[in-house]
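Survey of secondary and tertiary structure
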Amino acid sequence: MTDGMFSEVLKTFLVKYGKEWDGREKHKIVGKTPLEEAAIIVEDYGLPCAKHEFVNEVYSMFSDHLCKVKALPGANRLIKHLSCHGVPMALASNSHRATIESKISYQHGWKESFSVIVGSDEVRTGKPSPDIFLEAAKRLNMEPSSSLVIEDSVIGVMAGKAAGMEVVAVPSLPKQTHRYTSADEVINSLLDLQPEKWGLPPFQDWIEGTLPSEPWYVGGPVVKGLGRGSKVLGIPTANLSTEGYSDVLSEHPSGVYFGWAGLSTRGVYKMVMSIGWNPYFDNAEKTIEPWLLHEFDEDFYDEELHLVIVGYIRPEANFPSLETLITKIHEDRKVAERALDLPLYSKYRDDPYLKITSSKGQ
Ligand code: ADP
Ligand code: RBF
Ligand code: MG
């Protein structure tokens, strides 16, 4: 159980014991079985309860929240794709089977797509032991060596490799790639999975280098960034505050996106942007950096900027040099400029959200 909702429940639970949940504990429990989680937290916080009491209480609180757990970005797309192509799928988790079943019951179409579910209570030892994955392959009637594991936790990657399977890691916490070196590939989000690399049917929803999405919206006054865009890269980015957008941002992985930008007194422009930690600069803060594809003859700090984001281009990446980063951003610009002329994307130019009147914010 590695989602944000679980952290919320833990926080509430610990308050009862006069303790405060320290988000830094998160990496210790990612991928663990419920009893292992309990052992770590009971010990670290010196809680006056037994492990199984912790599990009972926390999981009964948690079950009320399962309906609110959102699928990871790209999960529905991937599951639909694989099940349409008749690829057999198993859900193998260190959670208990009952938790897995009730958790997926709220996700449309998932139950039908997974022909096998294996929880840690159904095998002798949980991940990092390979048991869960071996049992899943056995029930699917598949060879471990021709199975692909998709994992978010380091423990799960170890289990998959120990089972003799290929493993793609999608780390659930940012800036953790270095901990996943035993995976066959580490990707930033499920949007970046290339099934054909693993002998599976390729996605067919990319259009001219872009992945369309339902439009999503962010806006606010243009704030000062780190002063790098124009100075270091020759590419100005009109930064938006991420405050108030944590929900929207957690629904969308960091990466390079594009769409339309409305500036209160000026008009509507094509836009390409990055959201994330800018790996080349290794920023401590996540930033939203839209580059408006238009020459302005002045700055427009504090002006109201509204964005309609209509598609995805690529994950944020690190680059061997500043020039290669700049070249890539100019490539992104071309991809976005061309794509935004397609009817699929150009229609959003007229979205009312872009016509900003005097009112502030959304
Ligand atoms: P900062 O680090 O403060 O964001 P930048 O060097 O990235 O500084 O410059 C961004 C500023 O440049 C924007 O806030 C805006 O006022 C101005 N600007 C001028 N032209 C553009 C453009 N085409 N796209 C984005 N911002 C622009
Ligand atoms: N920064 C990175 O470190 N890696 C990237 O892959 C990356 N891609 C970008 C793509 C676009 C379209 C834009 C506008 C910026 C991108 N940047 C990237 C962000 C750039 O580092 C940032 O705008 C500057 O650091 C200015 O703060
Ligand atoms: Mg900027």
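Numbering of residues starts from 1 in each chain and follows the order in which that chain's sequence is written. Chains and ligands are labelled by the order in which they are written, letters from A for the one and numbers from 1 for the other. With pLDDT at 70 or above as the cut-off, local features in this predicted model cover only qualifying residues; side-chain atom pairs require 80 or more to be listed or tallied, and sums for whole chains, interfaces and linings still use all residues. No hydrogens and no water enter the side-chain calculation; it runs on all heavy atoms of the structure.

As annotated in an unreviewed UniProt entry, the chain carries the name riboflavin kinase and comes from Citrus clementina. Taken from UniProt, the Pathway (unreviewed entry) comment for the chain reads in full: "Cofactor biosynthesis; FMN biosynthesis; FMN from riboflavin (ATP route): step 1/1." UniProt positions are given in the numbering used here, feature names are shortened, and annotations may be inferred rather than shown by experiment.

This part takes up the overall build of the chain. Every helix listed is a DSSP run of H or I at least four residues long, and every strand listed is a run of E at least two residues long, numbered separately from the N terminus. Helices and strands together make up the secondary structure of the chain, namely 13 helices and 10 strands. For this measure, only C-alpha atoms enter the radius of gyration; the expected value for a globule follows 2.2 Å times N^0.38, where N is the number of residues. In terms of overall size, the chain behaves like a compact globule, its C-alpha atoms giving a radius of gyration of 22 Å where 362 residues would be expected to give roughly 21 Å. Working definition: with a 1.4 Å probe on protein chains only, accessible area under 20% of the residue-type maximum means buried, over 50% means exposed, and in between means partly exposed. A total of 362 residues make up the chain; the buried ones form 48% of that total. It only takes one pair of heavy atoms within 4.5 Å for two residues to be counted as in contact. Taking the contacts inside the chain whose residues are at least 6 apart along the sequence as the reference set, 65% of them involve residues at least 24 apart. As presented, the chain carries roughly 18,200 Å² of accessible surface, and 52% of it is formed by carbon and sulfur atoms. In this count, Lys and Arg are taken as positive residues and Asp and Glu as negative ones, while His and the chain termini are left out. All charge positions are set by atom: Lys at NZ, Arg at CZ, Asp at CG, Glu at CD. Side-chain charges in the chain split into 38 positive and 50 negative, and the spacing between the mean points of these groups amounts to 1 Å. Per-residue and other accessible areas follow the Shrake-Rupley method at a 1.4 Å probe size, with only the shown protein chains counted as cover for residues.

Let us look at the packing of helix α1 (residues 4-16) against helix α4 (residues 51-63). Geometry is summarised by axes, namely lines fitted to C-alpha atoms with helices restricted to the contacting stretch, and by angles between N-to-C directions that run from 0 to 180 degrees. Closest axis-to-axis distance for the α1/α4 pair is 10 Å, and the angle between their directions is 125°. With respect to their mutual orientation, α1 and α4 come out oblique. In terms of crossing hand, the pair formed by α1 and α4 is right-handed. Contacts from Met 5, Phe 6, Val 9, Leu 10, Thr 12, Phe 13 and Lys 16 in α1 reach Phe 54, Glu 57, Val 58, Tyr 59, Met 61 and Phe 62 in α4. Class assignment for the residues of the contact of α1 with α4 results in 10 nonpolar, 1 polar and 2 charged. Any angle from 65 to 115 degrees is called roughly perpendicular, while one under 35 is roughly parallel, one over 145 is roughly antiparallel, and all others are oblique. Left-handed describes a crossing whose near helix is turned anticlockwise from the far helix by less than a right angle; the clockwise case is right-handed. Gly is placed with the polar residues, together with every amino acid not listed as nonpolar (Ala, Val, Leu, Ile, Met, Phe, Trp, Tyr, Cys and Pro) or charged (Asp, Glu, Lys and Arg).

Moving on, we get to unusual backbone geometry. Cis geometry is adopted by the peptide bond preceding Pro 128, which originates at Lys 127 and carries an omega value of 15°. Looking at the element boundaries, Pro 128 is found in the loop between β2 (116-118) and α8 (131-140). Backbone geometry places Lys 175, a non-glycine residue, at a positive phi of 60°. Structurally, Lys 175 is set in the loop between β4 (166-169) and β5 (185-186). A positive phi angle is found at Asp 282, which is not glycine, with a value near 50°. Within the secondary structure, Asp 282 is located in the loop between β8 (267-276) and β9 (287-292).

Around ligand 1 sit 20 residues, and of these Gly 225, Gly 227, Ser 230, Phe 300 and Tyr 301 come closest. For the purposes of these results, a polar contact is taken to be a pair of N or O atoms within 3.5 Å, where, inside protein, one atom must be able to donate a hydrogen and its partner to accept one; residues adjacent in sequence count only when each atom of the pair is a side-chain atom. Separating an oxygen atom of ligand 1 from a backbone N or O atom of Gly 227 is a distance of 2.5 Å. Taking 560 Å² as the accessible area of ligand 1 by itself, protein coverage stands at 94%. Among the elements of the structure, α10 (229-233) and β9 are those that each provide at least two residues to the shell around ligand 1. A per-element tally of the shell around ligand 1 places β9 first, with 3 residues. Its residues placed into classes, the shell around ligand 1 shows 10 nonpolar, 7 polar and 3 charged. We call a residue near a molecule or strand whenever a single non-hydrogen atom of that residue lies within 4 Å of it.

A domain assignment, automatic or from a database, supplies the domain bounds used here. For the chain, the assigned domains are domain 1 (2-65), domain 2 (75-198) and domain 3 (211-354). Measuring from the centre of the C-alpha atoms in domain 1 to the corresponding centre in domain 3 gives 38 Å.

Looking now at the sheet that holds strand β3 (residues 148-151). Judged by pairing direction, the sheet is parallel, and its 3 strands sit side by side in the order β3-β4-β5 without closing on themselves. Because the sheet does not close on itself, it has two edges, and the strands there are β3 and β5. One bridge is not enough; two strands pair if DSSP finds at least two bridges between them. Strand direction decides the pairing type here: β4 and β5, joined by 2 bridges, are parallel. For Val 168, the partnering residue across the bridge sits in β5 and is Glu 185.

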